[in-house]
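# Inside the fold
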Amino acid sequence: VYEAWTYEITFVDGADEMGTDTVLAGNKAANVPETEKTGFTFVKWTFDGEDITDALENDNVEDIFGEETAPVVEAEYEAWTYEITFYNRQHRCT
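This text gives an overview of the structure that appears in the document. (Residues numbered from 1 in each chain as written. Predicted model: local features only at pLDDT ≥ 70, side-chain atom pairs only at ≥ 80, totals over all residues. Heavy atoms only, no water.)

### Thoughts on the environment of Ala15
Along the chain, the position of Ala15 falls in the loop between strand S1 (6–13) and strand S2 (16–24). The exposure class assigned to Ala15 is exposed, which follows from its relative accessible area of 82%. (Helix = DSSP H or I, 4+ residues; strand = E, 2+ residues; numbered from the N terminus. Buried < 20%, exposed > 50% of the residue type's maximum accessible area, 1.4 Å probe, protein only.)

Structure representation (structure tokens):
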């Protein structure tokens, strides 16, 4: 009797856990957490430094993680940037 591998995927944002997803081998991740973070734009999901954003949506977990059955997937963000211009009565100061 063979038992299917189960993948326990942990999604993190830095040191904060965002959620987990338990997926049987041959299936896609179904419970990828929302990626809202005030002041930042979500860029990608990474595993071992590789961008797996598209793979999480399209591929089964075996193809993404191989034999790593407890992968930690990290959210990457880009900080919002602003340009602020100051004016005094006679000159523009930046």
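### Overview of the pairing of S1
Within S1, 6 of the 8 residues are buried, which leaves the element mostly enclosed by the surrounding structure. Count of turn residues in the S1/S2 antiparallel hairpin: 2 residues, of which Gly14 carries a positive phi of about 65°. With 3 bridges joining them, S1 and strand S5 (residues 72–79) adopt parallel strand pairing. Note on S5: the bridge partner recorded for Phe11 is Val73. (Pairing = 2+ DSSP bridges.)

### Description of the nonpolar core
Within the largest apolar cluster, 16 residues are counted, with the highest numbers of intra-cluster contacts made by Ile9, Trp45, Ile52, Leu56, Phe65 and Val73. Listed by contribution, the elements that provide at least two residues to this core are S1, strand S3 (40–47), helix H1 (53–58), helix H2 (61–65) and S5. With sequence-adjacent residues up to four places away left out, Leu56 is seen in contact with Phe11, Ala29, Trp45, Ile64, Phe65 and Val73. (Core = buried A, V, L, I, M, F, W, Y, C linked by side-chain atoms within 4.5 Å. Contact = heavy atoms within 4.5 Å.)

### Some points on the environment of Arg89
Topologically, Arg89 is positioned in the loop between strand S6 (86–87) and strand S7 (92–93). C-alpha separation for the pair Arg89 and Thr35, spaced 54 residues apart in sequence, amounts to 43 Å.

### Notes on the packing of aromatic side chains
When we look at a pair of aromatic rings, we describe it by the centre distance and by the angle of the planes. Summed over the entire model, instances satisfying the criterion amount to 7 aromatic pairs. Consider the rings of Trp5 and Tyr7, whose centres lie 6.4 Å apart with planes at 65°: the pair is edge-to-face. Looking at Tyr7, the relative accessible area reads 0%, which means it is buried. Each ring, one from Phe11 and one from Trp45, has its centre 5.1 Å from the other, and the planes form 70°; the classification is edge-to-face. Of the two residues, Phe11 is situated in strand S1 and Trp45 in strand S3; the sequence distance between them amounts to 34 residues. Residue class for Phe11 comes out buried when judged on its relative accessible area of 0%. Through a chain of ring-to-ring contacts, the aromatic side chains of Phe11, Phe40, Phe42, Trp45 and Tyr77 assemble into a single cluster. In this structure, Lys37 is placed above the aromatic ring of Phe40, and the distance from its NZ or CZ to the ring centre is 4.7 Å. (Phe/Tyr/Trp six-rings, centres within 6.5 Å; stacked < 30°, edge-to-face > 60°. Lys NZ or Arg CZ within 6 Å of the ring centre and 35° of its normal.)

### Some details on the side chain of Thr10
Along the chain, the position of Thr10 falls in strand S1. Dropping the residues within four chain positions of it, Thr10 is found in contact with Glu17, Gly19, Thr20, Pro71, Val72 and Val73.

### Some details on the pattern of salt bridges
Using the criterion set out here, one finds 2 salt bridges in the structure. Note that Lys37 and Asp13 form a salt bridge whose closest N and O atoms lie 3.3 Å from each other. Of this pair, Lys37 sits in the loop between S2 and S3 while Asp13 sits in strand S1; the two residues are 24 residues apart in sequence, bridging distant segments of the chain. A residue is classified by how much of its surface remains accessible, and Lys37, at 31% relative accessible area, is partly exposed. Ionic pairing is found between Lys44 and Glu76, a salt bridge with its closest N-O pair at 4.0 Å. (Salt bridge = Lys/Arg side-chain N within 4 Å of Asp/Glu carboxyl O.)

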